[in-house]
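Examination of the molecular architecture
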Amino acid sequence: EVVNLKADGQGTNDWGALTDAVVVLRGGTLTLGGSVDVRSLIVLPGSTITQATAQAYPPADPIGVSASDRVYVACGGAIDVSSRGYAPRVAYPGATVPGSWSAGSHLGEGGVNANPAGETYGSVTRPRENGGGAYTLARGGGAVRIAATRLLQLDGAIRANGQSTAEGGGAGGSVWVEAGTLSGAGSIEANGGNETYYSANGSGGGGAISVEYTTLL
């Protein structure tokens, strides 16, 4: 069964009824609030899957797609949770937030204008955390997990970049990929956001990317 997904503003997707379906996003942006299970996911050109912006507490789980067969992200399609992580002056619970006009941190430490630096946190091998926000304006990147039992064909992009602003950058978020076979000419990013005007404020720290596969084509 092939089912066309409804993008934001087009209605509601009944994910409980789609666990054995091939689901296709043909255009627009689809916001997920958690994890979904399908047979296969296809993200076509001009289509984007993203997450709702992270709240401070409780710690936000990543959005996730678990496919019993395959995930295909076409050139021009994206799973993009950039700027969907923690808000300014918010980080993972228990982590120190950045001082005045400083950038957000995650696995990498953000630029420091005034102490303290944002405290680093997170997992290298099983990343699930959103990126930390800067002192002002910039959100961190969000978090996404993709599990494709048979194949991940990535010709588009998976992004979890921090937000770039004139007053400092948010930290990169998390991308965790598990695939039986990994193929394609696309990209995966979890970069810290740039400071675009006041150079003393600094750019966001880098996020985390973990990619596990059995076969690489």
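The structure we're discussing is the one just above.
Residues numbered from 1 in each chain as written. Predicted model: local features only at pLDDT ≥ 70, side-chain atom pairs only at ≥ 80, totals over all residues. Heavy atoms only, no water.

The subject of this paragraph is the overall build of the chain. Tallying secondary structure elements over the chain gives zero helices and twelve strands in all. Sequence-ordered secondary structure for the chain, helices as α and strands as β, is β-β-β-β-β-β-β-β-β-β-β-β. Taking 17 Å as the expected radius of gyration for a compact globule of 217 residues, we find that the chain reaches 17 Å, a close match to that expectation. Each principal axis of the C-alpha distribution contributes one length, and for the chain these read about 55 × 40 × 30 Å. With 217 residues in all, the chain has 49% of them scored as buried. Counted over contacts in the chain with a minimum sequence separation of 6, partners at least 24 positions apart contribute 67%. Averaged over its 12 positive side-chain charges, the chain has a centre that lies 5 Å from the centre of its 17 negative ones. (Helix = DSSP H or I, 4+ residues; strand = E, 2+ residues; numbered from the N terminus. Rg over C-alpha atoms; globule rule 2.2 N^0.38 Å. Buried < 20%, exposed > 50% of the residue type's maximum accessible area, 1.4 Å probe, protein only. Contact = heavy atoms within 4.5 Å. Lys, Arg positive; Asp, Glu negative; His and termini not counted. Charge placed at Lys NZ, Arg CZ, Asp CG, Glu CD.)

The next subject is a nonpolar patch on the surface. On the surface, Ile209, Val211, Tyr213 and Leu216 cluster together to form a nonpolar patch covering roughly 350 Å² of accessible area. For Leu216, the position within the fold is in strand β12 (residues 208–216). Here Leu216 falls in the exposed class, since its relative accessible area comes to 53%. (Patch = residues over 30% accessible without salt bridge, like charges linked within 9 Å, V, L, I, M, F, W, Y side chains within 5 Å. Areas by Shrake-Rupley, 256 points an atom, 1.4 Å probe, with all protein chains shown as cover. Salt bridge = Lys/Arg side-chain N within 4 Å of Asp/Glu carboxyl O.)

Before going further, it helps to examine the sheet that holds strand β2 (residues 22–25). Ordered by their spatial adjacency, seven strands build an open sheet running β1-β2-β4-β6-β8-β10-β12, and the pairing between neighbours is parallel. Two strands in the sheet have a free side with no partner beyond their single neighbour: β1 (2–4) and β12. Between one strand and the next, the sheet's axes are offset by a mean angle of 25 degrees, whatever the strand orientation. (Pairing = 2+ DSSP bridges. Axes fitted to C-alpha atoms, helices over the stretch in contact; angles between N-to-C directions.)

Within this structure, the stated rule accounts for two aromatic pairs. Ring plane angle 20 degrees and centroid distance 5.6 Å describe the contact between Tyr92 and Tyr121, whose orientation is recorded as stacked. With Tyr92 in the loop between β7 (78–80) and β8 (143–154) and Tyr121 in the loop between β7 and β8, the pair connects residues that are 29 residues apart, well separated along the chain. It is Arg89 that lies over the ring of Tyr135; its NZ or CZ is 4.0 Å from the centre. Over the face of the ring belonging to Trp176 we find Arg145, whose NZ or CZ atom lies 3.8 Å from the ring centre. (Phe/Tyr/Trp six-rings, centres within 6.5 Å; stacked < 30°, edge-to-face > 60°. Lys NZ or Arg CZ within 6 Å of the ring centre and 35° of its normal.)

Our focus in this paragraph is the pattern of salt bridges. Throughout the structure, instances matching the rule amount to five salt bridges. Linking Arg159 and Asp80 is a salt bridge whose minimum nitrogen-to-oxygen distance equals 3.2 Å. Here the residue Arg159 occupies a position in strand β9 (residues 157–159), and Asp80 occupies one in strand β7, the gap between them amounting to 79 residues. Given the relative accessible area of 28%, Arg159 is considered partly exposed.

Here β2 shows a buried face lined by Val22 and Val24 and a second buried face lined by Val23 and Leu25. For β1 and β2, the ladder comprises three bridges, and the chain directions are parallel. When the sheet's bridge partners are listed, Val3 is paired in β2 with Val23. Across four bridges, the pairing between β2 and strand β4 (residues 35–43) is parallel. Following the sheet pairing, Val24 is matched in β4 by Ile42.

The topology assignment puts Glu195 in the loop between β11 (187–189) and β12. A polar contact of 2.5 Å, which involves the side chain of Glu195, links it to the backbone nitrogen of Tyr197. Once residues lying within four places of it in the same chain are set aside, the contact partners of Glu195 are Thr165, Ala166, Gly168, Gly169, Asn201, Gly202 and Ser203. (Polar contact = N/O pair within 3.5 Å; in protein donor to acceptor, adjacent residues only side chain to side chain.)

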